[in-house]
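The lines below spell out each chain.
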Amino acid sequence: MAKVKAIRGMNDILPSSTPIWQYLERQVSTVLSSYGYNEIRMPIVEQTELFKRSIGEVTDIVEKEMYTFNDRNDESLTLRPEGTAGCVRAGEEHGLLFNQTQRFWYQGPMFRYEKPQKGRYRQFHQIGVETFGMASAEIDAELIVLSARLWKKLGILDAVTLQLNSLGSTESRQVYKADLTAFLEARFDQLDEDSQRRLATNPLRILDSKDSNTQNLLADAPVLSDYLDEDSKSHFAHLTELLDASGIRYEVNPRLVRGLDYYCKTVFEWVTDKLGAQGTVCAGGRYDGLVKQLGGKPTPAVGFAMGVERLILLLETLNAIPEEERSSFDLYLAADDKAAQQAVFALAETLRDELPSLRIRCHFAGLKNINNKARQSGAALIVLIKQTEQGPVASLWNEDALVQSDIALSALPEMINSAWQ
Ligand code: HAM
């Protein structure tokens, strides 16, 4: 019978990879807690309406990419394509937003029906950060500085660059949108097909068209920065000042508009040229209008989300994962004859009592080629027990060689401890 397979674009994360995921997650949560961020966990499924109202009806995500279905009660539900909308919904529902400042983070799977390729999946994982109640550029800068700190900790800072732009207020963007539309309408025939379609629905997205003809046309188009309102201009100037003072390098990219409708003022993306077409590893911006748009009181907000698969691909590409983080255990414990096998089980428990942070894997299968199997396990330390007339004794190996043989089991914890340092 044919086997049932995983859904295209939805990947298993195998035991050989999970140590790397856990390593990344640990680094992120350490950095975030050092800035006082608290984790929030939201459901994976929300009412479809939530995403339509926040991300925008005429965005690619809502138009083409959502996994939407009716439940048994005929309610339209959607697997979350991103975390911001759900985070705002949860914060509002529990009274955490109005007149308060909050710093939240979340992690987990997101779902978009995109064409799968390297770095782009239908189920992918984000670690996202959302802050509420802070209108000034300091918090925008904090988000960027903390992400830079994380890149540094992960050893990838030199491989990413920060792209920065201001979208201005909703009102100033409307004026710009009208002028850009008029400019492009006059050149409609020269636009690529996708941009022609977007002109009626979401003209700003034409700015990040990949089509070279369209890009050439845009060289003479009105530029968003000329339309910024005074408040947005001074917000952006203050942000760049703060980044300069923190030694963060950035490129101002006037074409950076982002694919979700809720942004205003600051938008940013961390991009790399090491992963091919899907080079944005982290992206976000300010969304001061969203809480109100979803029925709450006006509350300034800014956040970002990183793509975990892309970060892991980047870590792999740069060989930036510390060797010890790749393995899931430290010590392989085996017997080299049947008589001694019983000692393995009890000894492992004693060692776990005495060395609780040591990760021990016991060999409970056949004893054929046991020496080779132990070596191939990838453990930093190997203990082999053998039965003697005086009872069981152990020999201890590290990656290079035999450390000692004929060790009394009672002396083993201390010996392991010093070999493990
Ligand atoms: P986004 O740009 O749609 O923003 O996604 C953020 C990041 O998620 C991307 O930069 C990328 O690394 C990753 N990502 C997106 N789609 C995929 C995919 N199909 N496969 C793999 N990785 C993907 C948001 O989602 C906003 N909610 C970010 C935000 C938070 N803005 C403010 N707060």
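See the structure shown above.
Given the structure is predicted, the values throughout are model-derived calculations rather than measurements. (Residues numbered from 1 in each chain as written. Predicted model: local features only at pLDDT ≥ 70, side-chain atom pairs only at ≥ 80, totals over all residues. Heavy atoms only, no water.)

J.: Tell me about the pairing of strand β4 (residues 76-79), and please be specific about residues and values.
T.: Both strand β2 (residues 45-47) and β4 contribute to a ladder of three bridges, which runs antiparallel. Of the residues in β4, the one forming a bridge with Val-45 is Leu-79. Connecting strand β3 (residues 67-70) to the antiparallel partner β4 that follows it, the hairpin turn spans five residues, and Asp-74 within it adopts a positive phi of roughly 65°. (Pairing = 2+ DSSP bridges. Helix = DSSP H or I, 4+ residues; strand = E, 2+ residues; numbered from the N terminus.)

J.: Explain the site of the ligand to me, and be specific about the residues and the numbers.
T.: Neighbouring the ligand are 26 residues; Glu-82, Thr-84, Glu-114, Glu-130 and Tyr-263 lie closest to it. Here a nitrogen atom of the ligand and a side-chain polar atom of Tyr-262 are 3.0 Å apart. Taking 650 Å² as the accessible area of the ligand by itself, protein coverage stands at 96%. At six residues, strand β10 (residues 280-286) tops the list of elements feeding residues into the shell around the ligand. In terms of residue class, the shell around the ligand is made up of eleven nonpolar, eight polar and seven charged. (Near = heavy atom within 4 Å. Polar contact = N/O pair within 3.5 Å; in protein donor to acceptor, adjacent residues only side chain to side chain. Areas by Shrake-Rupley, 256 points an atom, 1.4 Å probe, with all protein chains shown as cover. Nonpolar A, V, L, I, M, F, W, Y, C, P; charged D, E, K, R; others polar.)

J.: Which residues make up the side chain of Arg-120, and what values go with them?
T.: Structurally, Arg-120 can be placed in the loop between β5 (102-111) and β6 (123-132). It is Glu-114 that comes nearest to the buried, bridge-free Arg-120 among opposite-charge side chains, at 4.1 Å. Separated by 2.8 Å, the side chain of Arg-120 and the backbone oxygen of Lys-115 make a polar contact. With residues near it in sequence (within four places) discarded, Arg-120 still touches Glu-114, Lys-115, Gln-278 and Arg-310. (Buried < 20%, exposed > 50% of the residue type's maximum accessible area, 1.4 Å probe, protein only. Lys, Arg positive; Asp, Glu negative; His and termini not counted. Salt bridge = Lys/Arg side-chain N within 4 Å of Asp/Glu carboxyl O. Contact = heavy atoms within 4.5 Å.)

J.: Pulling in residues and values, what's your account of the environment of Glu-185?
T.: Tracing the chain through its elements places Glu-185 in helix α6 (residues 170-185). Each C-alpha atom of the pair Glu-185 and Ala-200 lies 9.5 Å from the other, and the pair is 15 residues apart in sequence.

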